[in-house]
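The primary structure of each chain is shown beneath.
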Amino acid sequence: HFGSKSPSRRIATWRSIALPSQAPAAMAAAGGGGGAGSSAAELIWRAGPYVVVWKGEGVAISDDDDAAAGDGGGKAGGATSSKGARSGKGAKQSGSSGRQRGGGSQTVIAWAAELLGGAWEPASSLDPSIAGLVLLTRAGIEAPSAHGSYAMIVAPRVVAATAVQEEAGSSADSVQALWEPLGLYGGMEDEDGARLVQEGPSGHFGRLGLVEVVAELSRPSGGGHGKGQAAAAPSSAPSPLPAVCALQELGFGIVRLQPGSKTSHRHALEMPEQGGDGQEEVQPGTCVCVVAIQVPQVARSHPCLAGKAKIDSAGIVRVPVPKKFNTLLTSERSLAEQRSRSSGGGVVEFRGMSLLVPEEQLRPRPSSGSLVDAAVQVLWSVNGGASASRILDLGVGSGALLLAMLRELGDACSGHGVDIDEAAVRTCLANARHVLGETGASRVGAVLADFTRLADAEVRGQLAKEGYDIVVCNPPYRSEQQQAAYDRSTGRFGGNTEHAKTLVAGETGLEMYEGVAACLAHDFAHCMADRRKDAEPVLKRGGTLIFQVEAGMRGATGGMAKVVGAAVERASGGRLVMRGTHVDERGLERAILIQHAEQGQTSDLPLAGGPNASSDE
């Protein structure tokens, strides 16, 4: 595995074949990567009695740090100042932050002794809950004063949640003013203490930036640590808390990023309240890591380096910021742009249409266009065209899906929308007049009803007696637990104001799929028993029901599509069966195609062979 791009795989290989202690140095000279892996630490640079390693999140540096974190004792070490605002607050570590994730207990020092050989001591500090670079020295070698810099994801607190869109499109001067307080952060040796690496709009926080701040990384000894640095108390559990608190005092919040649950696949974003005197720890998940560390002068000319190590003329060893930092910035920018497009006075653009969408109603997402594509493909494949086809949209909302299909299929097609919200019904009809004109709007009907009760006589009488060739539905799909997690991560910092009823189905998130399936199966059974000889089923014989499903993390492998398909078949008593899935341009399953079991599979249904469809058969 020496050719592998993954440093963690190389380290795992050395451990398994017990290479001598010179092997890691050879890897360092060859340029080991700087990303965090599954091991306790990864070797980045080595010169004689000094090494720089990347410590994983949740890994203690030494047994003392591990014990201090586990016992909840110790004070935060390190010292950082700001011009006009100094911060040297004490901090005790939580009992959970010092333990290695997954139940492991190997420390960085233990890792170094095992892989590098001999005894090692930490020369720089880093809280167990934080990932980043650490400087180690051979035991007995005088530990130098280690300087370095933290990379942090921060947001200006002055950007209110209600001003997300305004700030996202604000002028360069006003954006620059948001970050000006960074200039008050005190640096060492008259160098700038903080710099803005990149920044941009954020869907949750208004603006978000990657900031690099210079700090004293050495384990404190109680004295001062260089020009502009406040004295700090001794510590057995060092932490980047002083740098975090200094930025908070300057009006910035440091973002926390925690993995979501196994069911939601969502990262929970938080920006803790102002630290003040009450903050006692840097909590796990905080977006902070050490990305640069200044090695001792004596190590810079060590013959071991031979010009191959990644170290600049100033003796700085640097690694890129974690990939998840850049991913977060990119996703937040995309979310801000999406919300900016959907906040233009209640008007949303969807497939070339400008639609009125009140803020409490579900905004059509680009991904919902897959239902339109699937419906058009089915009609052209099965009917040889869309002539005189009828479409039913369950949960029609603003009418985005129904109107998009009628525009693309032509004047001969007609359709109805069903929604339990009276405002949605009015909005759908208003959008129909705007998009299709007064004449075209006559092809659109809207029914105020619960779409899981279509077989009721009062509802059925308002629908087409001939039934529908296509029934589409993008129902509420979140479980109550998923919505609670979403509220925790986004509710305090802005986001769309859609009503929960447009998104939350119930305890499992499958309730609406199951309700529609049971309703259509019951209606079909009644027709087959000749109880309504004068009418076709709502989903007519030969028709297709198309559900949108959440792609999520497992969209490309059929996770949610199969879950929903199985739920539909169970709820319908086997009368409805899943025939295939519709795949978008990214390879994600966005929709499932359902038909009556009694009719058999329609041979011309586009389930396989095309770029936008797949079959489970």
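Since the model is a prediction, treat every value here as computed from it, not as a measurement.

> So what's going on with the overall build of the protein chain? Residues and values would help.
Each helix and strand counted, the protein chain has 16 helices and 26 strands in total. Sorting the 617 residues of the protein chain into buried and exposed places 53% on the buried side. A fraction of 72% describes how many contacts in the protein chain between residues 6 or more apart in sequence connect residues 24 or more apart. For the protein chain, the exposed surface amounts to about 25600 Å²; the carbon and sulfur share of it is 50%.

> Outline the pairing of strand S24 (residues 576–583), supporting the account with residue identities and numerical values.
Along S24, 8 of the 8 residues are buried, which leaves the element largely enclosed by surrounding structure. For S24 and strand S25 (residues 589–596), the ladder comprises 7 bridges, and the chain directions are antiparallel. Counterpart to Leu576 in the pairing with S25 is His596. What sits between the antiparallel neighbours S24 and S25 is a turn of 5 residues, in which Gly587 has the positive phi angle 85°.

> Pulling in residues and values, what's your account of the pattern of salt bridges?
Overall, the coordinates contain 12 salt bridges when judged by the stated rule. Between Glu408 and Arg351 there is a salt bridge, with the nearest N and O atoms lying 2.9 Å from each other. Here Arg351 lies in the loop between strand S15 (347–350) and strand S16 (353–356) and Glu408 lies in helix H11 (residues 400–409), a separation of 57 residues in the sequence. Overall, the relative accessible area of 42% leaves Glu408 in the partly exposed class. Owing to a relative accessible area of 33%, Arg351 belongs among the partly exposed residues under this scheme.

> How would you explain the environment of Ala47 if you had to name every residue and give the values?
Note that Ala47 resides in strand S1 (residues 41–47). Spatially, the C-alpha atom of Ala47 lies 5.9 Å from that of His302, the residues being 255 residues apart in sequence.

> Give me the lowdown on the packing of helix H15 (residues 511–528) against helix H16 (residues 559–571), citing residues and values where you can.
Two elements in contact, H15 and H16, have axes whose closest approach is 8 Å; the angle formed by their N-to-C orientations is 40°. In terms of orientation, H15 and H16 fall into the oblique class. Crossing of H15 against H16: the hand is right-handed. Here Tyr513, Glu514, Ala517 and Ala518 of H15 lie close against H16, whose contacting residues are Val564, Ala567, Val568, Arg570 and Ala571. Its residues assigned to classes, the contact of H15 with H16 shows 7 nonpolar, no polar and 2 charged.

> Quick one: what's the story with H15, residue by residue and with numbers?
In a regular helix each residue adds 1.5 Å, so 18 residues correspond to 26 Å; H15 covers 26 Å between its end C-alpha atoms and thus fits that length. The complete set of buried residues in H15 reads Tyr513, Gly515, Val516, Ala517, Cys519, Leu520, Ala521, Asp523, Phe524 and Cys527.

> Tell me about the confidence of the model for the protein chain, residues and numbers included.
Summarising the model, the protein chain shows a mean pLDDT of 74, and 67% of its residues fall at 70 or more. Below a pLDDT of 50 lies the segment residues 1–38, which in the model reaches 61 contacts outside its immediate sequence neighbourhood of four places, other chains included. Within the model, pLDDT remains below 50 along residues 220–237, and this stretch shows 49 contacts once partners closer than five positions in the same chain are excluded.

> Could you give me a rundown of the packing of aromatic side chains, with the residues and numbers involved?
Under the counting rule described, the total for this entry stands at 2 aromatic pairs. When the ring of Trp179 is compared with that of Phe252, the centres are 5.7 Å apart and the planes differ by 10°; the resulting orientation is stacked. A residue pair is termed long-range when its members are at least 10 positions apart, and Trp179 in helix H6 (residues 172–179) and Phe252 in strand S10 (residues 252–254) qualify at 73 residues. By relative accessible area, which is 7% here, Trp179 ends up buried. Between the aromatic rings of Tyr513 and Phe547, the centroid separation amounts to 5.0 Å while the plane-to-plane angle is 80°, which identifies the pairing as edge-to-face. Highlighted residues: Tyr513 in helix H15 and Phe547 in strand S23 (residues 539–548), separated in sequence by 34 residues.

> Give a detailed account of the environment of Trp54, specifying residues and quantitative values.
Looking at where Trp54 falls in the secondary structure, it is placed in strand S2 (residues 50–55). For Trp54, a relative accessible area of 3% corresponds to the buried category. Taking C-alpha positions, Trp54 is 9.1 Å from Leu135, a pair spaced 81 residues apart along the chain.

> Lay out H11 in plain terms, naming residues and giving numbers.
Among the 10 residues that make up H11, 8 are buried, leaving the element largely enclosed by the rest of the structure. Of all the positions in H11, only Ala400, Leu401, Leu402, Leu403, Ala404, Met405, Leu406 and Leu409 are classed as buried. Looking one or two residues beyond H11, the residue adopting positive phi is Gly410, at roughly 105°.

> I'd love a proper account of the nonpolar core, names of residues and values included.
Note on soluble globular proteins: their nonpolar side chains tend to be buried together. Counting 75 residues, the largest nonpolar core has Tyr150, Met152 and Leu247 as its most contacted members. One finds Ala374, Ala404, Val444 and Val472 within the second-largest nonpolar core, a separate group that totals 33 residues.

> Give me the lowdown on the pairing of S16, citing residues and values where you can.
Side chains Met353 and Leu355 project from S16 onto a buried face, and the interleaved Ser354 and Leu356 project onto a face without burial. Relative to S16, S15 is paired through 4 bridges, and the arrangement is antiparallel. From the neighbouring strand, Val347 faces S16, where its bridge partner is Leu356. Connecting S15 to the next strand, S16, in antiparallel fashion are 2 residues, including Arg351 with a positive phi near 50°.

> How would you summarise the environment of Gly580 if you had to cite specific residues and measurements?
In this fold, Gly580 is placed in strand S24. Look at Gly580 and you get buried, because its relative accessible area is 0%. Spatially, the C-alpha atom of Gly580 lies 7.5 Å from that of Ile594, the residues being 14 residues apart in sequence.

> Describe the packing of H11 against helix H12 (residues 422–441), with residues and values.
Helix-helix packing is characterised by the crossing angle of the two axes and by the distance between the axes. In contact at an axis separation of 10 Å, H11 and H12 are set at 25° when each is read in the N-to-C sense. As judged from the angle between their axes, H11 and H12 are roughly parallel. Classified by chirality, the crossing of H12 by H11 is right-handed. In contact with Leu403, Leu406 and Arg407 of H11, H12 contributes Cys428, Asn431, Ala432, Val435 and Leu436. Class assignment for the residues of the contact of H11 with H12 results in 6 nonpolar, 1 polar and 1 charged.

> With reference to specific residues and values, describe the side chain of Arg207.
Positionally, Arg207 belongs in strand S9 (residues 206–216). Judged by its relative accessible area of 5%, Arg207 falls in the buried class.

Conventions we followed
- Residues numbered from 1 in each chain as written.
- Predicted model: local features only at pLDDT ≥ 70, side-chain atom pairs only at ≥ 80, totals over all residues.
- Heavy atoms only, no water.
- Helix = DSSP H or I, 4+ residues; strand = E, 2+ residues; numbered from the N terminus.
- Buried < 20%, exposed > 50% of the residue type's maximum accessible area, 1.4 Å probe, protein only.
- Contact = heavy atoms within 4.5 Å.
- Areas by Shrake-Rupley, 256 points an atom, 1.4 Å probe, with all protein chains shown as cover.
- Pairing = 2+ DSSP bridges.
- Salt bridge = Lys/Arg side-chain N within 4 Å of Asp/Glu carboxyl O.
- Axes fitted to C-alpha atoms, helices over the stretch in contact; angles between N-to-C directions.
- Parallel < 35°, antiparallel > 145°, perpendicular 65-115°, else oblique.
- Left-handed = near helix turned anticlockwise from the far one by under 90°.
- Nonpolar A, V, L, I, M, F, W, Y, C, P; charged D, E, K, R; others polar.
- Expected span 1.5 Å × (residues − 1).
- pLDDT = per-residue confidence, 0-100.
- Phe/Tyr/Trp six-rings, centres within 6.5 Å; stacked < 30°, edge-to-face > 60°.
- Core = buried A, V, L, I, M, F, W, Y, C linked by side-chain atoms within 4.5 Å.

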